[in-house]
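Examination of the molecular architecture
Here are the chains, one letter per residue:
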Amino acid sequence: MHIPDGYLSPPVMGVLGAASLAGVAAAARKASQALDESRVPLMGMAGAFVFAAQMINFPVAAGASGHLLGGALLAITLGTAPAAVVMTAILAIQALLFQDGGVLALGANVFNMALAGVAAGGWAWQAFGGPGRRRLAAFAAGSLSALAAACLALAELAASGIRIPGAALGLALGIFALTALLEGAITAAVAAALESVQPGLLGRTHGSPRRALSGLLLASLLLAAAGFLIASSLPDGLEHLAEAIGITGLERAVLAAPMPDYEAKWLGGDWLQKAGAGLFGLIVTAAVCWAAGRWISRWRSA
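Now for a description of the structure that goes with this document. On a predicted model such as this, the values are computed, not experimentally measured, just so you know.

**A word on the overall build of the chain**
- Assigned secondary structure in the chain consists of 10 helices and 2 strands.
- Starting at the N terminus, the α and β elements of the chain follow one another as α-α-β-β-α-α-α-α-α-α-α-α.
- Computed over the C-alpha atoms, the radius of gyration of the chain is 18 Å, within 12% of the 19 Å expected from 2.2 N^0.38 for a compact globule of 302 residues.
- When each of the 302 residues of the chain is scored for burial, the buried share is 53%.
- Relative to all contacts within the chain whose residues are 6 or more apart in sequence, the contacts with residues 24 or more apart total 79%.
- In the structure as shown, the chain presents an accessible area of about 12,600 Å², 67% of it carried by carbon and sulfur atoms.
- Across the chain, the mean location of the 16 positive side-chain charges is 15 Å away from that of the 14 negative side-chain charges.

**A closer look at the environment of Gln54**
- Relative to the assigned elements, Gln54 resides in helix H2 (residues 40–54).
- For Gln54, a relative accessible area of 5% gives the class buried.
- For the pair Gln54 and Gly237, spaced 183 residues apart in sequence, the C-alpha to C-alpha distance is 14 Å.
- Apart from residues no more than four positions distant in its own chain, Gln54 is found in contact with His2, His67, Leu68, Leu69, Met87 and Gln94.
- Among the polar contacts made by the side chain of Gln54, one reaches the side chain of Gln94 at a distance of 2.7 Å.

**What about the packing of helix H5 (residues 106–128) against helix H6 (residues 134–159)?**
- At a closest axis distance of 8 Å, the pairing of H5 and H6 adopts a crossing angle of 150 degrees. Taken together, the axes of H5 and H6 are roughly antiparallel relative to one another. With respect to the hand of their crossing, H5 and H6 are arranged in right-handed fashion.

**Describing a nonpolar patch on the surface**
- Among the surface-exposed residues, Leu96, Leu104, Val254 and Leu255 lie close enough to one another that they form a single nonpolar patch of about 320 Å² accessible area.
- As for its position among the elements, Leu255 is in the loop between helix H9 (237–245) and helix H10 (270–301).
- A residue is classified by how much of its surface remains accessible, and Leu255, at 44% relative accessible area, is partly exposed.

**Thoughts on helix H8 (residues 210–226)**
- If you check H8, its first and last C-alpha atoms are 24 Å apart, about what 17 residues at 1.5 Å a residue would give, namely 24 Å.
- Of the positions making up H8, those classed as buried are Ala212, Leu213, Leu216, Ser220, Ala224 and Ala225. Relative to the axis of H8, the buried residues are bounded by an arc of 165 degrees and lie together on one face. The outward face of H8, more than 90 degrees from its buried face, is lined by the exposed residues Leu218 and Leu222.

**With respect to the pattern of salt bridges**
- If you walk through the whole model with that rule in mind, you get 4 salt bridges.
- The salt bridge partner of Glu37 is Arg294, with a shortest N-O separation of 2.7 Å. Of this pair, Glu37 sits in the loop between helix H1 (10–34) and H2 while Arg294 sits in helix H10, and the two are 257 residues apart along the sequence.
- What makes Arg294 partly exposed here is its relative accessible area of 22%.
- Note that Glu263 is salt-bridged to Lys274, the shortest N-O span being 3.7 Å. In this pair, Glu263 sits in the loop between H9 and H10 while Lys274 sits in helix H10, placing the two residues 11 residues apart along the sequence.
- Assessed through its relative accessible area of 25%, Lys274 is described here as partly exposed.
- If you follow the salt bridges from partner to partner, you end up with Glu263, Lys265 and Lys274 in one network.

**Describing the side chain of Asn57**
- Relative to the elements of secondary structure, Asn57 occurs in the loop between H2 and strand S1 (58–61).
- Given a relative accessible area of 14%, Asn57 falls into the buried group.
- For Asn57, the side chain forms a polar contact with the side chain of Ser65, separated by 2.8 Å.
- Among residues more than four places away in sequence, those in contact with Asn57 are Ser65, Gly66, His67, Ala231, Ser232, Leu234 and Asp236.

Calculation rules
In this numbering scheme, every chain counts its residues from 1 along its sequence in written order. Owing to the predicted nature of the model, reporting of local features is limited to residues with pLDDT of at least 70; listing and counting of side-chain atom pairs is limited to 80 or more, with chain, interface and lining totals taken over all residues. Computation of side-chain values covers all heavy atoms of the structure but excludes hydrogens and water. Here a helix means four or more residues in a row that DSSP labels H or I, a strand means two or more in a row labelled E, and each is numbered from the N terminus. The reference for a compact globule is 2.2 Å times residues^0.38; the radius of gyration itself is calculated from the C-alpha atoms. Throughout this description, buried means an accessible area under 20% of the type-specific maximum (1.4 Å probe, protein chains only), exposed means over 50%, and partly exposed covers the range between. Contacts: residue pairs with any heavy atoms within 4.5 Å of one another. Here the open area of atoms and residues is found with the Shrake-Rupley method and a 1.4 Å probe, where only the protein chains shown may cover a residue. Charge assignment in this entry is limited to Lys and Arg as positive and Asp and Glu as negative, and neither His nor the chain termini are counted. Where a charge lies is defined by one atom per residue type: Lys uses NZ, Arg uses CZ, Asp uses CG and Glu uses CD. Between N or O atoms, a polar contact is any pair within 3.5 Å; within protein, one atom must be a potential hydrogen donor and the other a potential acceptor, and residues adjacent in sequence are included only when both atoms are from side chains. The axes are straight lines fitted to the C-alpha atoms, using for helices just the contacting stretch, and the angles between their N-to-C directions are given from 0 to 180°. Here roughly perpendicular refers to angles of 65 to 115 degrees, roughly parallel to angles under 35, roughly antiparallel to angles over 145, and oblique to all remaining angles. Crossings are sorted by hand: turned counterclockwise from the far helix by less than a right angle, the near helix makes the crossing left-handed, and turned clockwise it makes it right-handed. In this analysis, a patch consists of residues with relative accessible area above 30% that form no salt bridge, clustered at 9 Å for like charges and at 5 Å for the nonpolar side chains Val, Leu, Ile, Met, Phe, Trp and Tyr. In what follows, salt bridge is the name for a side-chain nitrogen of Lys or Arg lying within 4 Å of a carboxyl oxygen of Asp or Glu. To estimate how far a helix should extend, the number of its residues minus one is multiplied by 1.5 Å. The arc in question is the one traced by the directions running from the helix axis out to the C-beta atoms.

Written out as structure tokens, the structure reads:
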């Protein structure tokens with residue numbers, strides 16, 4: 001789902017970059033008005049979990065794979081505005097450190113996943129998440145969030161002059177729809193697990209979420225250090241589409257990332273390279289998201 005550099009035209013990247021900058025600034029301002037300081041550590045750990053979960057691809061259909069985006073899960077756990085800030089941090093770290101998503105296309109990826117995707121998931125959670133319907137609401141939130149981000153990515157490719165034949169478009173939409181359903185199922189399962197570990201967490205009625213933090217930490221460490229052992233090597237939906245319509249030659253890297261493809265090449269052995277990169281990214285993501293939460297909470301105090 002991460003758009004690489006080379007696919008989008010400069011006007012599309014410019015417009016989306018400006019829109020994303022304004023949107024993230026507005027989200028940070030809104031988060032500063034409502035964020036409870038006791039939940040700042042949850043921003044760091046939820047961000048780390050989503051980063052780790054995004055590393056694990058699973059087969060979907062037609063030779064394509066998918067992975068959790070996590071925008072809806074963040075919106076359910078943190079609230080829509082803090083979730084947008086956390087997802088922005090994740091996407092920036094992925095682009096700069098791991099060459100996952102373009103640096104110049106970062107504005108587009110932020111718009112699709114951190115703003116529109118999170119907002120769609122947050123809206124569905126608020127609209128349908130009444131008493132007794134939380135699992136269904138989480139499923140709807142995850143599905144809608146992923147589908148919104150995917151459809152925006154397709155629209156941006158078309159706006160950049162990339163022709164997508166009808167058959168390829170139909171197949172891509174089918175893959176994205178299946179991925180969205182899986183996103184909904186995973187979101188519902190993780191949300192239910194968090195609520196069972198710490199009742200009141202999703203309703204934001206609990207103060208310090210210590211048990212939830214412990215659970216997220218353990219899950220994040222397992223995913224980052226060993227999740228790649230079970231991850232699919234198939235291309236994700238967007239990569240599959242790019243191969244089908246022959247545009248992979250447009251992809252380029254404008255900035256050399258230290259750990260492309262989530263591999264720390266300076267470490268010996270394939271397992272150490274993957275696990276080292278995953279754990280390093282986990283630590284950086286947790287620290288950046290926690291720092292963003294601290295800055296937001298202090299901004300309100302100031």
